[in-house]
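Report on the structure
Here are the chains, one letter per residue:
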Amino acid sequence: MYLKAWGKVSGNGAKIDSALLKSIRGEFGLGVRTPRFYQICAAAVSDMFKRAGLTAQELSRECGIIVASRLGPVAMVSKFQDELLDYPEDQVMAGNFANSVHNAPAGAVTVMLDVRGPAFSVMGFEDMIPQAIELAEMTLSSGNAPEMLLITAEEETVIGESVRMVHSSFEHEAAAVYLLTADDKYPEFDINAIK
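Residues numbered from 1 in each chain as written. Predicted model: local features only at pLDDT ≥ 70, side-chain atom pairs only at ≥ 80, totals over all residues. Heavy atoms only, no water.

**Focus on helix H1 (residues 18-28)**
Residues that lie three or four places apart on an α-helix share one face, since the helix turns once every 3.6 residues. Note the following rule: Accessibility here uses a 1.4 Å probe with only protein chains present; expressed as a share of the type maximum, an area under 20% marks a residue as buried, one over 50% as exposed, and anything in between as partly exposed. A run of DSSP states H or I qualifies as a helix once it reaches four residues; a run of E qualifies as a strand once it reaches two. Both are numbered from the N-terminal end. The directions considered for the arc are those from the helix axis to the C-beta atoms. Here, residues are in contact when the closest pair of their heavy atoms is within 4.5 Å.
The set of residues buried in H1 consists of Leu21, Ile24, Arg25 and Phe28. Taken end-on, H1 shows its buried residues confined to a sector of 105 degrees, consistent with a single buried face. Exposed positions of H1 whose direction lies more than 90 degrees from the buried face are Ala19, Lys22 and Gly26. Looking at the buried side of H1, the elements it contacts are helix H2 (36-52) and helix H5 (104-113). Gly29 lies just past H1 and shows a positive phi near 70 degrees.

This is how it looks when you write it as structure tokens:
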């Protein structure tokens, strides 16, 4: 598996700058109410496009997507759960429910980039990134997608802060993206070699 392009965005131990996310919403045509988690993913993709001199139109229409996260869009999930406690069932916002389902992060990125390849969301604490890399490699080697966009992202939330008290290595708000391919004209992918 080979690395065609990569990008990243980080709040450097804090939340990512709101002005940056506002410009990203404009770049990708995202609404103001687009969940922050998706905006963070879009910011990393934007950085990748700039570093590699690519545009969304240059991605294969059959590009696959993997979004890997320890907590995922936890702010949206929490909002939905809060509404279930605070309001009658018929007054809970459908949009919050839609963003609380497991594969919503990958689905949101496919819509944002207008690609139609396989889409997976990988969530969990143990071996989440190696599992996502293995999934990307299997998808490429099986021929199910010519390229795979692997995004790792975390949103700064109260839950994340709580987890950080127990697991000091838990990431602050940040995202990284890797455009992977089976084409050997690109350098071999080694996530540890990218800084």
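The structure having been displayed, the exposition proceeds.
**Things to note about the packing of H2 against H5**
Here is the rule: Convention adopted: a line fitted to C-alpha atoms gives each axis, helices being fitted over their contacting stretch, and angles between N-to-C directions are expressed from 0 to 180 degrees. Geometric relationships in this document are graded by angle, where less than 35 degrees denotes roughly parallel, more than 145 denotes roughly antiparallel, 65 to 115 denotes roughly perpendicular, and other angles denote oblique. Helix crossings are classified by the rotation of the near helix relative to the far one: an anticlockwise turn of less than a right angle makes the crossing left-handed, while a clockwise turn makes it right-handed. Only Asp, Glu, Lys and Arg are considered charged in this grouping, and only Ala, Val, Leu, Ile, Met, Phe, Trp, Tyr, Cys and Pro are considered nonpolar; every other residue, Gly among them, is considered polar.
Where H2 meets H5, the axes come as close as 10 Å, and the angle between the chain directions of the two elements is 50 degrees. Judged on the interaxial angle alone, H5 and H2 are oblique. Considering the relative orientation of H2 and H5, their crossing is right-handed. Judged by residue contacts, Phe37, Tyr38, Cys41, Ala42, Val45 and Phe49 of H2 engage Ala104, Pro105, Ala108, Val109, Met112 and Leu113 from H5. Residues that form the contact of H2 with H5 fall into these classes: 12 nonpolar, no polar and no charged.

**A closer look at the pairing of strand S2 (residues 64-69)**
For the record, the criterion: Two strands are said to pair when DSSP picks up at least two bridges between them.
Within S2, six of the six residues are buried, which leaves it mostly tucked inside the rest of the structure. Bridging between S2 and strand S4 (residues 147-154) involves five bridges; their strand directions are parallel. What sits directly across from Gly64, in S4, is Met148. With five bridges connecting them, S2 and strand S3 (residues 119-123) associate as parallel partners. Its bridge partner lying in S3, Ile65 is registered against Ala119.

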